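This is what each chain is made of:
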Amino acid sequence: MATQESSRPASDSRAMDGALSARIAEAERLASSGDYEMAETVLAEAARNAEKTGPAALDAVDRVRAQIEFRRGHYDQALALFSGILSRAERRHDLPTLAQAESDLASLRRRRRNLSEAIAGYERALVLYRGLADRGGEALVLTHLGLIRLNQGEFSVALELLRKSQELQETGASAELDRTLHYLGLLYAGMREYDTAMTYLQRGLLEARKTAEASREAPLLGSLARISNFRGEYREALEFATQAERLAERLDSPPSRAYSKLEHGRALLGLNRIDEARSVLDAGERIAADIGQKGTRADYLGLLAEIAQRQGRSDDALQLWDTALPTYQQGHDQPQLLSTYRAMIPVLRDSGQLERAVEIGLKSLALQEHLTGLDMNRRLAVLESQHRQQQAARQIELLQRDLKIQSLGLKQEELKRWIAVGGVVSLAMIVGLLGMRYRESQQLGRRLERANQALLSSQSELSQAHAELGRKAEALARAASTDVLTGLANRRAFLERFGQSWDEAVSSGGELSLVLIDIDDFKKVNDTLGHAVGDAALCALAECLQSQLRPDTPLARWGGEEFAVLVPNANADAAAALSERLRAAVARMMRKDVPPLTVSIGVASLAGRRLARAEALFEEADGALYEAKAAGRDRVRVARVQAAAS
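For clarity, every value in this text was computed on a predicted model and none was experimentally measured.

Trainee: What is the right way to read the pattern of salt bridges from this model?
Mentor: Note that side chains of opposite charge can pair when their charged atoms are close. Under the defined criterion, the tally for this structure stands at 41 salt bridges. Its salt-bridge partner being Glu217, residue Arg209 comes within 3.0 Å of it at the nearest N-O pair. The exposure class assigned to Arg209 is partly exposed, which follows from its relative accessible area of 40%. A relative accessible area of 17% means that Glu217 is categorised as buried. Ionic pairing is found between Arg356 and Asp322, a salt bridge with its closest N-O pair at 2.7 Å. With Arg356 in helix α18 (residues 354-480) and Asp322 in helix α16 (residues 314-329), the pair connects residues that are 34 residues apart, well separated along the chain. According to the relative accessible area criterion, Arg356 is partly exposed, its value standing at 27%. On the accessibility criterion, Asp322 (32% relative accessible area) is partly exposed. Taken together, the salt bridges that share partners define one network made up of Asp59, Asp62, Arg65, Arg88, Arg92 and Asp94.

Here's what the structure looks like:
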């Protein structure tokens, strides 16, 4: 994942005069824009003045120099400069500079994939920033930690860290909101929630463009290109990648060039512009190799292998894949490892390497099972995190309402006390001065009547507010459980219903079947006819499926072009018969506003087994769906039941 790096201000105005601070800030601005030559000229002037000012000024100059080396991919030089700043700050107990140096070194270690050291450095910086009450520094470190947890697959932890950072920034903390939004986009992309990912990335791009710093904008454009490629929107990806590449050239940043060229080449390959793609990918692979970005280079080799395969150069393709495999096998990118395995199998088979083809095939099946379970766990963890946040927000709302009720109650008690006091005083005055105070007692009565009416009115308003809150809560609950486009239940609602049915089936030893449905070649619909027709097709399919099911049969849009049906008290044969009826209904569907559609369907059944994990049923159904696709699409496949419980 390409990301931008820290750019918190390098100067401390308390330790430097205004002119020197301004020169260092100018050098930092020039570096951010890619004008390194002018930045170094300004830094040389600032360094001469810094020698007269003190160590804090010299550290600020060195930090900008380190940032320049970092952006150029000269990591050893950047490490030496950042380490020097850290050592000097420790000797003079300069806590703000020490916190910043810890964070800078952690960012460098993260770029070099030393994640455990990076986490330790960020956590030390976090303690220092919190001790200094520096909310901006705290927000920035939380964002960096969120990216690392995301890279480690801890999606729920990453989500909570990034949202905490976002909350700090939205309540006044000075940090980089574009970076936080960027990483949130990458998080949802990791779960293949590409629409949500694009929303966060577009918001991040708008924030980055407010800064007018190319170094903030380029990584976001690169990630937008990557997600567009994953969605099969290659022309859009090419546009984003071209913009990112121009900025990378302007910034003279080899890491940014390597990332943007990768997506540029991937988009050209998707558009079947093979020769252009190969030229771009060859150039990018050399850059990635020169700066030691192993993961990015492995991605280049995989794409170049795909080109070699298309051109009939099977031996070259296998050699390129074999070069990339060790990086993927070390945990750089397991989904890419699975994709590489699947690409290698037919090439190995056709070249007569049957034993290795079988070996890779078995590894592919095991990895598919692992990734399916991992994907399910990630989605469930993120849903749980979102649910906890919604519960917390609801609790705050209820507490606020209780405070309002208590406030009204106190006002009522206070009014009663005043009424009692007024009555006693009035009685005393009436006893002593009955004639003189008779009119005043009448006036007091009228004031009390008006106060009572006001109290009754307040109680009525409170009752109406309570009723309105209830209506809004019901509407929110409906919205949270409904897919906006199709009107079907969404993934969250389906998982809740699935959990209930699973518990009932397991406790009673009953049957439970799961059906996963995927539209065949749906990307072609979007690419050739546009997203409006694609959305209409999804709605038409939802109506067709609903018409074939009983009203109480749970049907949901699982995500993208995939739908899920839960069939309680039904064995595999019954669920397969239902699935065949659904498949045939879709194949018969004729509508003027959508093209003809077919679906592939995977079925899995509990079959009296005592599975250890509910997710195993989703994994089996997903595996059966994959088999239906591989067998030619427009068909139903039932998962083979394992002999032993999983």
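Trainee: Explain the pairing of strand β4 (residues 599-605) to me, please; I cannot follow it from the model alone.
Mentor: Most of β4 is tucked away, with seven of its seven residues classed as buried. Taking every second residue as pointing to the same face, both faces of β4 are buried, with Val599, Ile601, Val603 and Ser605 on one and Ser600, Gly602 and Ala604 on the other. Alignment of strand β1 (residues 512-519) against β4, held across seven bridges, turns out to be antiparallel. If you follow Ile517 over to β4, its bridge partner there is Ile601. Across three bridges, the pairing between β4 and strand β5 (residues 636-638) is parallel. Looking at the pairing, Val603 lines up with Val638 of β5. Following the backbone out of β4, through helix α23 (residues 615-630) and into the adjacent parallel β5, one traces a crossover that is left-handed.

So, how was this worked out
- Residues numbered from 1 in each chain as written.
- Predicted model: local features only at pLDDT ≥ 70, side-chain atom pairs only at ≥ 80, totals over all residues.
- Heavy atoms only, no water.
- Salt bridge = Lys/Arg side-chain N within 4 Å of Asp/Glu carboxyl O.
- Buried < 20%, exposed > 50% of the residue type's maximum accessible area, 1.4 Å probe, protein only.
- Helix = DSSP H or I, 4+ residues; strand = E, 2+ residues; numbered from the N terminus.
- Pairing = 2+ DSSP bridges.
- Right-handed = clockwise from strand over helix to strand, strands pointing away.

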